[in-house]
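# Reading the structure
As a plain string of letters, each chain reads:
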Amino acid sequence: MSHPPSVTEVLSVSAADGTPLAVYRDTPVRPRRDGATVVLVHGASVTADLWRLHTRHLTGLGLGVLRYDQRAHGHTSRGRAPLTVEQLADDLHQILTRLVPTGPLVLAGHSLGALVLQELTALHPQHLTRVRGMVLLSPTARGATVLPGRGPCAWLLAAVRSLAALTCAHAPRAVDHLRRRLPATHPHRLAPRPNRSADRPPPCRHGVRHTATGDLAALWQSLRDYKPRDLTVLSQLGDRLLLMAGADDRHIPAAHTKQLAAHLPAAALDVLPRTTHALPIRHAALISARIARLAAEPGRPHHPQDQLFPSSPLSMRFH
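Residues numbered from 1 in each chain as written. Predicted model: local features only at pLDDT ≥ 70, side-chain atom pairs only at ≥ 80, totals over all residues. Heavy atoms only, no water.

### Concerning the pairing of strand 5 (residues 105–110)
Among the 6 residues that make up strand 5, 6 are buried, leaving the element largely enclosed by the rest of the structure. Every second residue of strand 5 is oriented toward a common face, with L105, L107 and G109 on one face and V106, A108 and H110 on the other, all of them buried. Here 5 bridges tie strand 3 (residues 37–41) to strand 5, and the two strands are oriented parallel to one another. Considered in strand 5, the bridge of T37 is made with L105. Relative to strand 6 (residues 131–137), strand 5 runs parallel, the two being bridged by 6 bridges. From the neighbouring strand, A108 faces strand 6, where its bridge partner is V135. One crossover worth recording links strand 5 to the parallel strand 6 by way of helix 3 (residues 112–123), and it is right-handed. (Buried < 20%, exposed > 50% of the residue type's maximum accessible area, 1.4 Å probe, protein only. Helix = DSSP H or I, 4+ residues; strand = E, 2+ residues; numbered from the N terminus. Pairing = 2+ DSSP bridges. Right-handed = clockwise from strand over helix to strand, strands pointing away.)

Spelled out as structure tokens, the structure:
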């Protein structure tokens, strides 16, 4: 499938603590009149490049896209503020206020990005008045856990994760020293943060290469301590909220997403079989289709090209 061209702008938005946030605005050459701005929020240890295929699909349908490197990821530095979900949500609030102050929105986030969107709606509910829809990929109603499930394999993986987390938290400089000595092609090698690119975020596979171990440990601790705020604000979206999970996800098990869905009875839930935490990569076209449907102006027929993407292999709705 060919996609009409789009133009990418690299922008910088100052967070509340002065940290410059690297933002990428993708504008289609032929924008849709009824389209909303799509805002994409990546998860931990990756960059805004996670959304490369989604952006191509969505701008091909005439939708404008806004994506950004979260704090301590990609071209955005850690800054001075605490590395918490609350702070990341405020960063997004600053971006929306500065770059998309008016007009309809569709918000989508994966993993940590989903938590950021949940936190955004609780802390800054004023944005909900113009949200046409929201897609939460691998979301959860609880803090992160090292235990991915039940059984001996799950316990073994939990033990390895716990040991790695303790090492990173208590000896970050030693781990940084080891990471600098890894081969240049190793995905966990610690390398200096690159200069800002003219037109794109750093590759997704380089998500942790420019993030110090201490920052990774601080982020993990904030995820473990995370407790969702009042979900009644999020429930105002009703059936304009879609939750998606991978049946084989070992980072955020689908059971955790189902627990969140139980608190949001009007929301739709798609559990995709044979899918891991790499849900956005495995099902880029499907997710883009879901976003495009939500972006259509309420009461109007869906854009004809929205039907070019496949349907979900499994859909479950909680009531």
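That covers the picture; the talk isn't over yet.
### Digging into helix 1 (residues 52–60)
Counting along an α-helix, one turn takes 3.6 residues, and residues three or four places apart therefore face a common direction. Burial in helix 1 covers these residues: H54, T55, H57, L58, T59 and G60. Its buried side turned inward, helix 1 meets strand 1 (6–14), strand 2 (20–28), strand 3, strand 4 (65–68), helix 9 (279–282) and helix 10 (284–295). (Contact = heavy atoms within 4.5 Å.)

### Side note on the pairing of strand 2
Note on strand geometry: in a regular strand, side chains alternate between the two faces of the sheet. Inspection of the sheet shows strand 1 paired to strand 2 by 9 bridges, in the antiparallel sense. When the bridges of strand 2 are listed, S12 appears paired with A22. Counting the residues in the hairpin turn of strand 1 and strand 2 gives 5 residues, including G18, whose phi is positive at 90°.

### Some words on the pattern of salt bridges
On inspection of all chains with the given rule, the structure shows 8 salt bridges. Its salt-bridge partner being R52, residue D49 comes within 2.8 Å of it at the nearest N-O pair. Residue D270 is joined to R290 by a salt bridge in which the shortest nitrogen-to-oxygen separation is 3.5 Å. On the criterion of sequence distance, the pair formed by D270 in strand 8 (residues 268–272) and R290 in helix 10 is long-range, its members being 20 residues apart. A cluster of three or more residues bridged by salt bridges with shared partners is formed by D17, R71 and D91. (Salt bridge = Lys/Arg side-chain N within 4 Å of Asp/Glu carboxyl O.)

### Section: the environment of V100
Note that V100 resides in the loop between helix 2 (85–99) and strand 5. Taking the C-alpha atoms as reference, V100 lies 9.1 Å from L66; in sequence the two are 34 residues apart. Excluding residues that lie within four positions of it along the chain, V100 makes contacts with T37, L66, I95, L105 and R130.

### Some points on the nonpolar core
If you look at the biggest cluster of nonpolar residues, it comprises 49 residues, and the most contacted ones within it are L92 and L241. With 7 residues, the single largest contributor to this core is helix 2. When neighbours within four sequence positions are excluded, L241 is seen to be in contact with M134, L136, L234, L264, A267 and A268. Among the nonpolar cores identified, the runner-up in size contains 26 residues, and V38, L61, C204 and I291 belong to it. (Core = buried A, V, L, I, M, F, W, Y, C linked by side-chain atoms within 4.5 Å.)

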